[in-house]
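Observations on the three-dimensional arrangement
Okay, here's what each chain looks like letter by letter:
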Protein chains: 2
Amino acid sequence: MLSFEPPLREQIFLLERVLHASEQWQKCSDFSSMDANDAAAVLEAGSRFATQRLLPLNASGDRDGCRREEGEVKTPPGWTDAYRDYVDAGWPSLTVPAGQGGQGFPRAVGALFTENLCAANLAFSILANVREGVLACLTRFASAEVLALYAAPLASGQWSGTMCLTEPQAGSDLGLIKTMAKQETSGLWRVSGQKCFISNGEHDLTPNIVHLVLARTPDAPAGTKGISLFVVSRQQLADGGIGARNGVSLLGLEQKHGIRANATCALAFDNAQAHLVGDIGQGLRCMFLLMNGARLEVGVQSVGLAEIAYQNALQHSRTRLQGRALAGVAQPLLSADPIISHSVVRRTLLAHKQFIDGGRALVALVGLLLDKEQHHPDADERRRSGDLAALLTPVVKGYLSNQAAEHIGAALCLFGGAGYIIETGMEQVVRDQAICRLYEGTNAIQALDLLGRKVLADQGARLKLLGALFEETAVALQQAPRLVPLAASLQTFSRDVGELAAALGVDALFNRETVGHAAPAFLELLGHTVMSWMHARIALAAASEDDTWHKNKVTMALDYVACIQPRVASLLQTLRSNADSVSRLETVDFSAL
Amino acid sequence: MLSFEPPLREQIFLLERVLHASEQWQKCSDFSSMDANDAAAVLEAGSRFATQRLLPLNASGDRDGCRREEGEVKTPPGWTDAYRDYVDAGWPSLTVPAGQGGQGFPRAVGALFTENLCAANLAFSILANVREGVLACLTRFASAEVLALYAAPLASGQWSGTMCLTEPQAGSDLGLIKTMAKQETSGLWRVSGQKCFISNGEHDLTPNIVHLVLARTPDAPAGTKGISLFVVSRQQLADGGIGARNGVSLLGLEQKHGIRANATCALAFDNAQAHLVGDIGQGLRCMFLLMNGARLEVGVQSVGLAEIAYQNALQHSRTRLQGRALAGVAQPLLSADPIISHSVVRRTLLAHKQFIDGGRALVALVGLLLDKEQHHPDADERRRSGDLAALLTPVVKGYLSNQAAEHIGAALCLFGGAGYIIETGMEQVVRDQAICRLYEGTNAIQALDLLGRKVLADQGARLKLLGALFEETAVALQQAPRLVPLAASLQTFSRDVGELAAALGVDALFNRETVGHAAPAFLELLGHTVMSWMHARIALAAASEDDTWHKNKVTMALDYVACIQPRVASLLQTLRSNADSVSRLETVDFSAL
């Protein structure tokens, strides 16, 4: 079984020293009483729950999976008890606003709390985080009457929630949705149709499940403009409690590559009672609030899984004895050297650790930006924060999940053949993490969202905001002699990416397909530069301390930027000749492939 | 379930037009009667066996797996029948020399035959290929008496074979092996010890299993020089038949990430009767003949699995309707465009196809080189072929399996959420292929073997041989106006890699650890340049034809080399500053990570 020690020191250093979270919270009235001690206390208690209650169920949950029994879904042994403990401890309400009976913690703290849950048990964490998104969506868009029906049990975790978007013919393209909603003369809506790939769609953990469902209304225009959002309770609501089953039934339970303890369901809605959420035709807009939260969570998941993989690979590398170091025997008293003596192993571990440090900083930063978008007193700051969060969301989702897959794959290889054995535990991390590249919009969709919508559609305005932050960091770096090389790199990266984006915008005027073609490389490019920025900020925070732990941070930042530079150059070169690549691609006759 | 159409046109084009295999076989007496028609007939019949008998058992074999029952291993339903048909059809003896009762086909044909088996059912194919390696090893190193005991039943597939190398404490580092062999006064050897990760270690397909076992002899020196090779029959051999069980028993059956229908076992040898194979202390040398064959097979496996993943991703991309092409609606009569209309999807598919074409050419080329090493009448040509095969073997094993993992992962993503569902079949390909990066020496070991042993240890002599072949192809390319850019690229790549290797050799004089650190990037670099060479040769073969299929080959070659150039430049840049990277790495204090 895998071991896991929540990286509390890393998380608290990040919040306090790198991101200066307390200072920023103090400016937001809702969080003005938060400080570093509150965050530390919550993370510590949460990490105990993760390691003591969730980690022991991770491998067994994967092995046993969910089972379908007479139209219902049974979660694996121990799951219902763990969920009850989770609710009893109050964890579901951690980031729910105090006004809704929650504990009102900022999103950045929530992200780090969730990271530890994900590391210990991804399947469990998914259950929790969709519920939070459903509550946030209802809070923002539902009428007070409708919200009142759901807010308290969702906030407390008494009920769970789902997003019902996908249908067999409508995945990436939600404009193709066929599920219909019709209004009765009483004003109540009825939803009918089939949805698939619904996380937590059916299970035995809560007495009710709250489904947010995208559906068409009669005479709605074709495509995405004809889609509205509805809330459907699995159980009918009566007298402040729950009654008989609503018209929602289980069509199928998917057998999956990973997250096997999380129930991924096909659901049938048959004249199910529903309430409209938001305005008619605004379904996609409403759902995107939830979707953006979900995409941030995917980054959190990827960092958490990378962390547990890293810890176990590091431990294995320290204890597994094979071969002798090339430069000379490292441990003459042992039969062989621990494999961490080999520089190829050390480099693999270091790159993994650098990914985690930078990735964690990025997700926490986006959490902070979302907090500021919602709670900052200054309207300009709210808008700026929202724009930056929008730009960075596809990076968090797409880039971090792609990179996590690479690093976790490399960590598995450090185990040799043992990595392939289920008992070792590493292969489950690989399988569980694989969902991160696929769901909440595949990474190709993230890349298109980034380059098409977030960069080119606003003529690079959001990218300029980011560039200004790079510059701010560069100015600070210039005060620290050892960090000056980082400043120069950040400035170069920022200038090159900006010029490249402008050139891609010109290409797009001639052929829109160039945008799609460039998108994945652009996502990787922006990801590497944002990670460089994160490492530079970490180095700034660490430079004033003289102990080994802090010195490592500075070394890792300098090393990260030096190592990534050739890769950045390669992506720039690829993207500068993007239009040529598209021309060559267009001369291939795919019908003959 | 996945569909699969064996790529016979590709395979025959490759043998005949790209590699001119017939011409080369004619020079080797053992193959002088082979021609293109023989190869085509065998590949066609073999592919029918793969699709009709093995493909239908692939998903069910994965689902049911092998079971342990009272010290024995039961293969999944249908497996024993399929294996009997395989033997009855004579497939096991395809590449066994005619003098041993085999059909005497060249290795290059065997590799392409096996590719189709791997695509259809990797777990089955592994069973078959270890047996072939065991026979080849006994043929080369065992005494005539010992060989006579095993040759016929191994050639016919009546018995299967294993390689017993790994022990719990000895994986990458076989010098740590503890299994002991002692000679009785009668001259018979007895082997005792425990081996793990033994593919096909125990099963119900054959009445006997032939184990090649690495063991120490009494008073042998420590490390690899003290290791000898033994053959241990699971059943005692008596009167030309098999008798009671020898001292070999099943310790454990591994539950694995993939290839679940292939039994990976831990075995106990307890005073098992054994025969020495080769000389005392020469065990590793003997085993390496087998190991090199196994490493070529891993490349074949990666190409085969990439092929089935590609075919299904292509088919899915043609039929899955989502979104509209960015440059304008492609299929106005449909509800949405097939996703192949999106350039990002086309690029993913094209890169995958380019990998397969180049990778298949490389494994077939190495197959031909091994044929020539063994059968060519000219001693210089035999030595040159062997040297080139030795250089390219870690590229085939390490580079192709790494790249296959990337492309298969990208193909999975084209399926969106459906890729994560077991029923779709793609996720099994991901899991099965994952073993290719791990077994027969992890890819870190391959990288070290390539740079340390195959390039630096002989001062780049083998690399120069390869460079001469690049130059030969470049000269031919210069005769075809459209292909001249390929000639220039090949010459540049060859010169740059040669200069780089020399520089890495100098670095190594100062710090041997620089070799280990550079190795993975060097493996990728040489892989990309060898793939470029393969594509150039494919383009040369295709350039004279004017139909779409051949024109695509030329376009793909030009595109491959253009697309890979920035990546090659990036790896060169990384490797040129390798010593600096090692210095930075050495300043990190790993005890504080």
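Presented here is an overview of the structure given in this document. (Residues numbered from 1 in each chain as written. Chains lettered and ligands numbered in written order. Predicted model: local features only at pLDDT ≥ 70, side-chain atom pairs only at ≥ 80, totals over all residues. Heavy atoms only, no water.)

1. Some thoughts on the overall build of chain A
When you go through chain A residue by residue, the secondary structure sums to 18 helices and 11 strands. Its C-alpha atoms give chain A a radius of gyration of 24 Å, near enough to 25 Å, the size a compact globule of 593 residues would have. Along the three orthogonal principal directions, the C-alpha set of chain A runs to about 80 × 60 × 60 Å. The burial tally for chain A puts 62% of its 593 residues in the buried class. The contacts in chain A between residues at least 6 apart in sequence include a share of 74% that link residues at least 24 apart. When the accessible surface of chain A is summed, it comes to about 20,900 Å², and 52% of that surface belongs to carbon and sulfur atoms. (Helix = DSSP H or I, 4+ residues; strand = E, 2+ residues; numbered from the N terminus. Rg over C-alpha atoms; globule rule 2.2 N^0.38 Å. Buried < 20%, exposed > 50% of the residue type's maximum accessible area, 1.4 Å probe, protein only. Contact = heavy atoms within 4.5 Å. Areas by Shrake-Rupley, 256 points an atom, 1.4 Å probe, with all protein chains shown as cover.)

2. What to know about the relation of the copies chain B and chain A
Both copies of the chain are related by one operation, a rotation about an axis with a shift along it. For the match of chain B to chain A, the screw axis carries a shift of 0.0 Å, the RMSD comes to 0.0 Å, and the turn is 180°. Seen this way, the second copy is the image of the first under a two-fold rotation axis. Considering only C-alpha atoms, the part of chain B nearest the rotation axis is Ser570(B), at 2.8 Å. Residue by residue, 100% of the interface of chain B is reproduced at the interface of chain A, so both copies engage with the same surface. (Least-squares fit on C-alpha atoms with pLDDT ≥ 70 in both.)

3. What about the interface of chain B and chain A?
Listed per partner, the contact involves 87 residues of chain B and 88 residues of chain A. Counting the surface lost from both chain B and chain A, the interface buries some 7,300 Å², and carbon and sulfur atoms represent 62% of this. Applying the counting rule to chain B against chain A returns two salt bridges. Summed over the shared surface of chain B and chain A, the result is 45 residue pairs in polar contact (both at pLDDT 80 or more). Going through the elements one at a time, helix H9 (283-319), helix H10 (343-375), helix H11 (379-414), helix H12 (426-438), helix H13 (443-456), helix H16 (513-542), helix H17 (548-576) and helix H18 (578-587) of chain B are the ones with two or more residues in the side of chain B that touches chain A. The dominant element in the side of chain B that touches chain A, judged by the number of residues it contributes, is H17(B), at 15 residues. Across the side of chain B that touches chain A, the residue classes tally to 40 nonpolar, 28 polar and 19 charged. (Buried area = accessible area lost by both parts, 1.4 Å probe. Salt bridge = Lys/Arg side-chain N within 4 Å of Asp/Glu carboxyl O. Polar contact = N/O pair within 3.5 Å; in protein donor to acceptor, adjacent residues only side chain to side chain. Nonpolar A, V, L, I, M, F, W, Y, C, P; charged D, E, K, R; others polar.)

4. Regarding a nonpolar patch on the surface
Residues and elements named next belong to chain A. Together, Val 506, Leu 509 and Phe 510 give the surface a local cluster of nonpolar side chains, amounting to about 390 Å² of exposed area. On the secondary structure map, Phe 510 appears in helix H15 (residues 484-510). Overall, Phe 510 belongs to the exposed group, its relative accessible area being 73%. (Patch = residues over 30% accessible without salt bridge, like charges linked within 9 Å, V, L, I, M, F, W, Y side chains within 5 Å.)

5. Details of the packing of helix H15 (residues 484-510) of chain B against H17(B)
Helix-helix packing: each pair is described by the crossing angle between the helix axes and the interaxial distance. Residue and element names in this part refer to chain B. Interaxial distance between H15 and H17 falls to 11 Å at its minimum, and their mutual angle equals 20°. Classified by the interaxial angle, the pair formed by H15 and H17 is roughly parallel. Judged by the sense of rotation from one axis to the other, the crossing of H15 with H17 is left-handed. From H15, Pro 485, Leu 486, Ser 489, Phe 493, Asp 496, Leu 500 and Leu 504 reach across to H17, where they touch Ala 557, Leu 558, Val 561, Ile 564, Gln 565, Val 568, Leu 572, Leu 575 and Arg 576. Among the residues making up the contact of H15 with H17, the classes are represented as 12 nonpolar, two polar and two charged. (Axes fitted to C-alpha atoms, helices over the stretch in contact; angles between N-to-C directions. Parallel < 35°, antiparallel > 145°, perpendicular 65-115°, else oblique. Left-handed = near helix turned anticlockwise from the far one by under 90°.)

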